Amino acid sequence: MDTHLLKLREALDRVDDHVVTVRAWGGKLAGVLSAGGRLLACGNGGSAAEAQHLTAELVGRFRADRPAYAAIPLHADTSSVTAIANDFGHEQVFARQVQAHGRPGDVLICLSTSGGSPNVLAAARAAQERGILAWALTGPAPNPLAGMCDEAVAVPAEETATVQEVHLAMIHMLCDAVEEAL
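Below or above, wherever it landed, is the structure these notes cover.

1. Looking at the sheet that holds strand E4 (residues 133–138)
- Within the open sheet, the five strands sit side by side as E2-E1-E3-E4-E5. Their pairing is parallel. In this open sheet, the two edge strands, each paired with only one partner strand, are strand E2 (71–73) and strand E5 (151–154). On average, each strand axis in the sheet is tilted by 15° relative to the strand beside it, whichever way the strands run.
- Along the sheet face, helix H3 (residues 46–59) touches strand E1 (39–42), E2 and strand E3 (107–112) and points at about 160° away from the line of E2.

2. Brief notes about the pairing of E1
- Side-chain alternation along E1 places Leu 39 and Ala 41 on one buried face and Leu 40 and Cys 42 on a second face that is also buried.
- Two strands pair when backbone bridges link them, and E1 and E2 are joined in this way by three bridges, in the parallel orientation. Opposite Leu 39, over in E2, you have Ala 71 as the bridge partner.
- Note on the crossover from E1 through H3 to E2: the handedness is right-handed.
- Sheet topology places E1 next to E3; four bridges connect them, and they run parallel. Across the sheet, Leu 40 pairs through a bridge with Leu 108, a residue of E3.

3. Notes on the pattern of salt bridges
- Tallied over the full model, the rule gives eight salt bridges.
- Here Glu 180 and Arg 23 are joined by a salt bridge, their closest N and O atoms 3.7 Å apart. Highlighted residues: Glu 180 in helix H8 (residues 160–181) and Arg 23 in helix H2 (residues 19–34), separated in sequence by 157 residues.
- Note that Arg 63 is salt-bridged to Asp 176, the shortest N-O span being 2.6 Å. Of this pair, Arg 63 sits in the loop between H3 and E2 while Asp 176 sits in helix H8; the two residues are 113 residues apart in sequence, bridging distant segments of the chain.
- Among the residues examined, Arg 63 registers a relative accessible area of 56% and is labelled exposed.
- What makes Asp 176 buried here is its relative accessible area of 15%.
- A network of salt bridges, in which partner residues are shared, links Arg 23, Arg 63, Asp 176 and Glu 180.

4. With respect to a nonpolar patch on the surface
- On the surface, Met 1, Leu 5 and Leu 6 cluster together to form a nonpolar patch covering roughly 290 Å² of accessible area.
- Among the secondary structure elements, Leu 6 is positioned in helix H1 (residues 3–14).
- Taking relative accessible area as the criterion, Leu 6 reaches 34% and is therefore assigned partly exposed.

5. Some remarks on the packing of aromatic side chains
- Following the criterion strictly, the structure yields one aromatic pair and no others.
- Considering the side-chain rings of Trp 25 and Trp 135, the 4.8 Å spacing of their centres and the 0° angle between planes classify their relative orientation as stacked. Placement of the pair is Trp 25 in helix H2 and Trp 135 in strand E4, with a sequence separation of 110 residues. With respect to burial, Trp 25 and Trp 135 carry one shared label: buried.
- In this arrangement the basic side chain of Arg 96 is found over the ring face of Phe 88, its NZ or CZ atom lying 3.9 Å from the centre.

6. A look at the pairing of E4
- By the criterion of burial, E4 is predominantly enclosed, with five of the six residues buried.
- Bridge count for E3 against E4 is six bridges, and the pairing is parallel. Paired with Leu 108 across the strands is Ala 134, a residue of E4.
- The parallel pair E3 and E4 is bridged by helix H6 (residues 118–130), and the resulting crossover is right-handed.
- Where E4 and E5 come together, four bridges link them in parallel fashion.

Calculation criteria
- Residues numbered from 1 in each chain as written.
- Predicted model: local features only at pLDDT ≥ 70, side-chain atom pairs only at ≥ 80, totals over all residues.
- Heavy atoms only, no water.
- Pairing = 2+ DSSP bridges.
- Helix = DSSP H or I, 4+ residues; strand = E, 2+ residues; numbered from the N terminus.
- Axes fitted to C-alpha atoms, helices over the stretch in contact; angles between N-to-C directions.
- Contact = heavy atoms within 4.5 Å.
- Buried < 20%, exposed > 50% of the residue type's maximum accessible area, 1.4 Å probe, protein only.
- Right-handed = clockwise from strand over helix to strand, strands pointing away.
- Salt bridge = Lys/Arg side-chain N within 4 Å of Asp/Glu carboxyl O.
- Patch = residues over 30% accessible without salt bridge, like charges linked within 9 Å, V, L, I, M, F, W, Y side chains within 5 Å.
- Areas by Shrake-Rupley, 256 points an atom, 1.4 Å probe, with all protein chains shown as cover.
- Phe/Tyr/Trp six-rings, centres within 6.5 Å; stacked < 30°, edge-to-face > 60°.
- Lys NZ or Arg CZ within 6 Å of the ring centre and 35° of its normal.

This is the structure in structure tokens:
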């Protein structure tokens, strides 16, 4: 087997205990979304792509035809991102949007392979201040983001690519759990 696939297999084996957490998140998120709440998601680079993948599955569909749910990838509004970065600094690009779009009872999912991205940490702080439930998908723990969010799944893998691949598997599991709960 290729070395890359071996690393992925090992990482997946090490996160198997987190399946219960992610499936529980799905049940909770289903309740939030079906009650009219929303999901906000943030990350940088590949994690931004994962955040957008998650929100697309919820606004569109994962497996089943169902109502569309409110899910916003915070990096995808380029006019807001660039205006906020210009006026307030890059660290605030997600936090300002959490303040604008988030309501108590909503959910914020923070994705960061390092667990130390300043703009993602600022978003988690903004969520805490607004009564928004914050979950993190990160790389190896301990890291600041895992410690700051209400719950976290930390992937114990050294390579960023492996962490992102496991995050995608967790995202699909989350979407599956949401649709099962609905």
